[in-house]
Amino acid sequence: MGSKNLNINNINVREACLKSLVDYGKNQKYSNIELNSALNKYNFDDLNRSFFTKLFYGVIEKKLTLDFYIDALSHKKNKDPRVLNILRMGLYQFIYMDKVPDGAACGESVNLAKKLKNQQAAGYINAILRNFLRNREELEEKLNRLNNLEIKYSCSSDIIKIWEESYGLETAEKILKSSVENCGMTLAANALKISAEDYFDKLNNNNIEVERTEISPHGIIIKDNIPVKKIYGFEEGLFFVQDEASQICALETGAKPGDLVFDCCAAPGGKSFFIAGNMMKNKGAIICLDIHGNKLGLINSSAKRLGIDIIETYEQDVSVKFNKFNINSADVVLCDVPCSGLGVISKKPEIKYKSIGEISKLPKVQFEILSECSNYVKPGGTLVYSTCTLNKKENEEIIEKFLGTNKNFECINIKTFFPFERKIDGFFLAKMKRIGV
């Protein structure tokens, strides 16, 4: 991965990664949005694309750990975000990318610094990186002696506190450990076009390393790092990307052909696609509601690719009354509410640095959404509440409060999925039934 690896815009993959890291830090975008934007902009081959992705996500994921080493090696940290990110990139390659020679990682980091037209920066970076290589064993021992989960796993103390209060210290550390493991990408086979068994065989025959999910009968895990649109069967609509936890959540709705389903906070539409194709056999109606109208086009275009025509999309704030629809009308209402995302930090590493202040505002909104959406469940119908977070204040406590004030609902099932238990996102769901008017 030397400087010879250039794309058509004559930009080195490390230079592109540096630019993205600086832009990400400045603009506070979601990391996946910045990543996708960069990969669409630069015409990298598969090898460089993979390198860029690993380095970009890795630096964000390990930021606090990398900064621990920088602080230990420098009496005065350089505050220029370009210099700081070059150091992080260099250290990340030393520690976490075994296939990159130390000399190449160091030399390319210095070359990046020289492009800043700041000779002092180049000398500073060279000194820090070479000092790390000389004292690596001692520095790693220093980190281990600290026994500091925040630095060891590069996660804010606020998030660790939430997990410890919710599940205990031992489980909190298991979650932290699993958050840095790459479990691959999970797909749901589209039963309208192909069975999961046949699609699994097709992928195998195309030399793609795959395995079946443990619980969902429709899930397939792809171990290879392949862009979604290059996976066999994308254009034909044979699959869509969906973690196994979300597939299980869709299955919990019990939706069947001919039902009326409301999917609240529906974007990007995965659960609706699963319910429509794998459960309802494209018969009945699914109403997809989302406050972000600009995301509805993605649901519509994906449904068309998948051959699904029972989905209708509407822009709607689901915390207030839906004027277009009748109450007590839906067989199934699914509330996959906005949440802190603490179950998906392996995919969105910036979530690890959220504060309790940001997260503490969510339960009020979540309860309002659940309360309003419950009005549309018909007697005997099903209400499912779900999040992709691990935080009892957003999960169990919301359900307890809701059931305490809504005696016409009873809880059928509650599940929490932890990522250290299997190759699955951290996830929570509660299935309820309406037992009265």
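Just so you know, these numbers come straight off a predicted model, no measurement behind them.

Moving on to the environment of Leu-260. Positionally, Leu-260 belongs in strand 5 (residues 260-264). Overall, the relative accessible area of 24% leaves Leu-260 in the partly exposed class. Along the primary structure Leu-260 and Asp-331 are separated by 71 residues, whereas in three dimensions their C-alpha atoms are 5.4 Å apart. The contact partners of Leu-260, leaving out residues within four places of it in the chain, are Ala-285, Ile-287, Ser-329, Ala-330, Asp-331 and Val-332.

Moving on, we come to the sheet that holds strand 9 (residues 377-387). The strand order across the open sheet built from 7 strands is 7-6-5-8-9-11-10, with neighbouring strands paired in mixed fashion. Looking at which strands have only one partner, the edges of the open sheet turn out to be strand 7 (311-315) and strand 10 (409-417). Sheet twist, expressed as the mean angle between neighbouring strand axes with direction ignored, is 15°. Bridge count for strand 10 against strand 11 (residues 427-434) is 8 bridges, and the pairing is antiparallel. Across the sheet, residue Glu-410 finds its bridge partner in strand 11, namely Lys-433. In the packing of helix 13 (residues 244-252) onto the sheet, contacts are made with strand 8 (330-336), strand 9, strand 10 and strand 11, and the angle to strand 11 comes to roughly 5°. Its contacts with the sheet place helix 14 (residues 270-279) against strand 5, strand 6 (285-290), strand 7, strand 8, strand 9 and strand 11, and it is angled at close to 180° to strand 6.

Below, the discussion takes up the packing of aromatic side chains. Per the stated rule, a full pass over the model turns up 21 aromatic pairs. Summarising the aromatic geometry, the rings of Tyr-24 and Phe-56 are spaced 6.2 Å apart at their centres and angled 80° between planes, so their arrangement reads as edge-to-face. Remark: Phe-56 occurs in helix 3 (residues 46-61) and Tyr-24 occurs in helix 1 (residues 13-27); sequence separation between them is 32 residues. Exposure class is identical for Tyr-24 and Phe-56. Each is buried. An aromatic cluster is defined as three or more aromatic residues linked by ring pairs; in this entry it consists of Tyr-24, Tyr-42, Phe-44, Phe-52, Phe-56 and Tyr-57. Taking NZ or CZ as reference, Arg-305 lies 5.9 Å from the ring centre of Phe-239, over its face.

Moving on, we get to the sheet that holds strand 1 (residues 185-189). Read from one edge to the other, the open sheet built from 4 strands follows the order 2-3-1-4, with strand pairing classed as antiparallel. Two strands in the sheet have a free side with no partner beyond their single neighbour: strand 2 (210-212) and strand 4 (239-241). Here the average twist between neighbouring strands, direction ignored, is 30°. Its contacts with the sheet place helix 12 (residues 196-205) against strand 1, strand 2, strand 3 (219-222) and strand 4, and it is angled at close to 165° to strand 2.

What follows deals with the environment of Ala-285. Looking at the element boundaries, Ala-285 is found in strand 6. A C-alpha to C-alpha distance of 14 Å links Ala-285 and Lys-271, two positions 14 residues apart in sequence. Excluding residues that lie within four positions of it along the chain, Ala-285 makes contacts with Asp-259, Leu-260, Val-261, Met-280 and Ile-310.

Before going further, it helps to examine the side chain of Ser-179. Relative to the helices and strands, Ser-179 resides in the loop between helix 11 (169-178) and strand 1. For Ser-179, a relative accessible area of 5% gives the class buried. One polar contact links the side chain of Ser-179 to the main-chain carbonyl oxygen of Leu-176, over a distance of 2.6 Å. Ignoring anything within four residues of it in the chain, the contact list for Ser-179 reads Glu-61, Ile-345, Ser-346 and Lys-352.

For helix 4 (residues 63-73), the set of buried residues is Thr-65, Leu-66, Asp-67, Phe-68, Tyr-69, Ile-70 and Leu-73. Contacts from the buried residues of helix 4 go to helix 3, helix 5 (81-96), helix 7 (119-134), helix 8 (136-146) and helix 9 (149-152).

A few words on the confidence of the model for the chain. Model confidence for the chain is summarised by a mean pLDDT of 93, while 98% of its residues fall at 70 or above. Segment residues 1-9 is flagged for pLDDT under 50; beyond a separation of four residues in sequence, or across chains, it makes 22 contacts in the model.

Here the focus is the layout of surface pockets. Taken as a whole, the second largest pocket encloses approximately 200 Å³ of empty space. Every residue lining the second largest pocket is listed: Ile-162, Glu-165, Ser-166, Ile-356, Ile-359, Ser-360, Pro-363, Asn-391, Lys-392, Lys-393 and Glu-397. Contributing elements (two or more residues each) for the lining of the second largest pocket: helix 10 (157-167) and helix 16 (356-359). Among the elements that line the lining of the second largest pocket, the one with the most residues is helix 10, at 3 residues. Considering only residue class, the lining of the second largest pocket consists of 4 nonpolar, 3 polar and 4 charged.

Here is what the cut-offs are and how they apply
Residues numbered from 1 in each chain as written. Predicted model: local features only at pLDDT ≥ 70, side-chain atom pairs only at ≥ 80, totals over all residues. Heavy atoms only, no water. Helix = DSSP H or I, 4+ residues; strand = E, 2+ residues; numbered from the N terminus. Buried < 20%, exposed > 50% of the residue type's maximum accessible area, 1.4 Å probe, protein only. Contact = heavy atoms within 4.5 Å. Pairing = 2+ DSSP bridges. Axes fitted to C-alpha atoms, helices over the stretch in contact; angles between N-to-C directions. Phe/Tyr/Trp six-rings, centres within 6.5 Å; stacked < 30°, edge-to-face > 60°. Lys NZ or Arg CZ within 6 Å of the ring centre and 35° of its normal. Polar contact = N/O pair within 3.5 Å; in protein donor to acceptor, adjacent residues only side chain to side chain. pLDDT = per-residue confidence, 0-100. 1 Å grid on protein atoms, 1.4 Å probe; cavity = no way out; pocket = protein on both sides within 12 Å on 5 of 7 lines; lining within 4 Å. Points joined across faces, edges and corners; volume = space filled by probe spheres on them. Nonpolar A, V, L, I, M, F, W, Y, C, P; charged D, E, K, R; others polar.

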